[in-house]
Amino acid sequence: FKVDDDTYLFPDFIRRYVTTRGWSYKDSYYFGHRIYQSRIKSGFIAGAMVGYSRRTLELAAPHYLKMPNEYGDRSQFKHGRCVDRDGATQELTEAICLSELGIK
């Protein structure tokens, strides 16, 4: 989980949420407050808490290790790609990167 330092997390509620959806740690998913924006049709997760399955982290880690860096004038870079860019938001970048892995 990624949880803001001013947020309360109740593990029993999270366990119930995951269980009622029939999810397993072997499945690829992440969840939290979904925001819809035109650039990402499936939306992206933002807010005080984001939950990740073990499988999602196993797939994402090597993908993030190969993530290219782009720094400088943002107008020179193509948007909507999985890159570590100066000024990019973590939530939107994460949604783009995970969608490349088929995780929505």
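Before reading further, recall that the structure is shown in the block above.
Rules used in this analysis
Numbering of residues starts from 1 in every chain and runs along the sequence as written. Residue-level local features of this predicted model are given only where pLDDT is at least 70; pairs of side-chain atoms are given and counted only at 80 or more, and the full residue set underlies all totals for whole chains, interfaces and linings. Hydrogens and water are ignored here; the side-chain numbers use all heavy atoms of the structure. Nonpolar cores were defined as sets of buried Ala, Val, Leu, Ile, Met, Phe, Trp, Tyr and Cys residues, with membership established by side-chain atoms within 4.5 Å. Each residue's exposure class comes from its accessible area (1.4 Å probe, protein chains only) as a fraction of the maximum for that residue type: buried when under 20%, exposed when over 50%, partly exposed otherwise. Numbering of helices and strands runs from the N terminus; a helix is a DSSP stretch of H or I covering at least four residues, while a strand is a stretch of E covering at least two. Between two residues, a contact is recorded if the distance between any of their heavy atoms is within 4.5 Å. Throughout this description, a polar contact denotes any pair of N or O atoms lying within 3.5 Å of each other; where both atoms belong to protein, one of them has to be capable of donating a hydrogen while the other can accept it, and for residues adjacent in sequence the pair is counted only when both atoms sit in side chains. Residues enter a patch when their relative accessible area is above 30% and they make no salt bridge; the linking distance is 9 Å between like charges and 5 Å between nonpolar side chains (Val, Leu, Ile, Met, Phe, Trp, Tyr). The Shrake-Rupley method, run with a 1.4 Å probe, gives the accessible areas here. Residue values count only the displayed protein chains as cover. When a carboxyl oxygen of Asp or Glu lies within 4 Å of a side-chain nitrogen of Lys or Arg, that pair is called a salt bridge. In this description, a disulfide is simply a cysteine sulfur pair whose atoms lie within 2.5 Å.

Student: Hey, could you go over the nonpolar core for me, with residue numbers and the actual values?
Tutor: Core analysis: the largest hydrophobic core is formed by 15 residues, its most contacted members being Tyr-30, Phe-44, Val-50, Cys-82 and Leu-98. Mapped by element, the contributors of at least two residues to this core are β3 (40-52) and α3 (90-100). Discounting residues that sit within four places of it in the chain, Phe-44 has contacts with Tyr-30, His-33, Arg-34, Ile-35, Gln-37, Glu-91, Leu-92 and Ala-95. Counting five residues, the second-largest nonpolar core is a separate cluster that includes Ile-14, Val-18, Tyr-29 and Met-49.

Student: Would you mind going over the side chain of His-63 in detail, with residue names and values included?
Tutor: Take His-63: it is sitting in helix α2 (residues 54-65). A polar contact is formed between the side chain of His-63 and the side chain of Glu-100, at a distance of 3.0 Å. Discounting chain neighbours no more than four positions away, the residues touching His-63 are Cys-82, Cys-97, Glu-100 and Leu-101.

Student: Kindly report on the environment of Glu-100, identifying the contributing residues and their values.
Tutor: Locating Glu-100 in the fold gives a position in helix α3. Note on Glu-100: relative accessible area 46%, which makes it partly exposed. With 18 residues separating them in the primary sequence, Glu-100 and Cys-82 have C-alpha atoms 8.0 Å apart. Leaving out residues up to four positions away in the same chain, Glu-100 has contacts with His-63, Arg-81 and Cys-82.

Student: Just give me the short version of α3, but keep the residues and values in it.
Tutor: Inspection of α3 places Leu-92, Thr-93, Glu-94, Ala-95, Ile-96, Cys-97 and Leu-98 among the buried residues, and these make up the whole buried set. Remark: Gly-102 follows α3 within two positions and exhibits a positive phi of approximately 85°.

Student: Would you mind going over a nonpolar patch on the surface in detail, with residue names and values included?
Tutor: A grouping of Phe-1, Val-3 and Leu-9 is seen on the molecular surface, where their side chains present a nonpolar patch of about 250 Å² in accessible area. Mapped onto the secondary structure, Phe-1 falls in the segment before β1 (2-3). Taking relative accessible area as the criterion, Phe-1 reaches 53% and is therefore assigned exposed.

Student: How would you explain the environment of Thr-20 if you had to name every residue and give the values?
Tutor: You can see Thr-20 is positioned in helix α1 (residues 11-20). For Thr-20, a relative accessible area of 57% translates into the label exposed. For the pair formed by Thr-20 and Phe-10, sequence separation is ten residues and the distance between their alpha carbons is 16 Å.

Student: Before we move on, can you summarise the state of the cysteines with the specific residues and values?
Tutor: Within this structure, the stated rule accounts for one disulfide. The disulfide partner of Cys-82 is Cys-97, and the S-S distance across this bridge is 1.9 Å. What sets the handedness of the Cys-82 and Cys-97 disulfide is the S-S torsion sign, and at about 100° it is right-handed. In this pair, Cys-82 is assigned in the loop between β4 (69-70) and β5 (84-85) and Cys-97 in helix α3, connecting sequence segments 15 residues apart.

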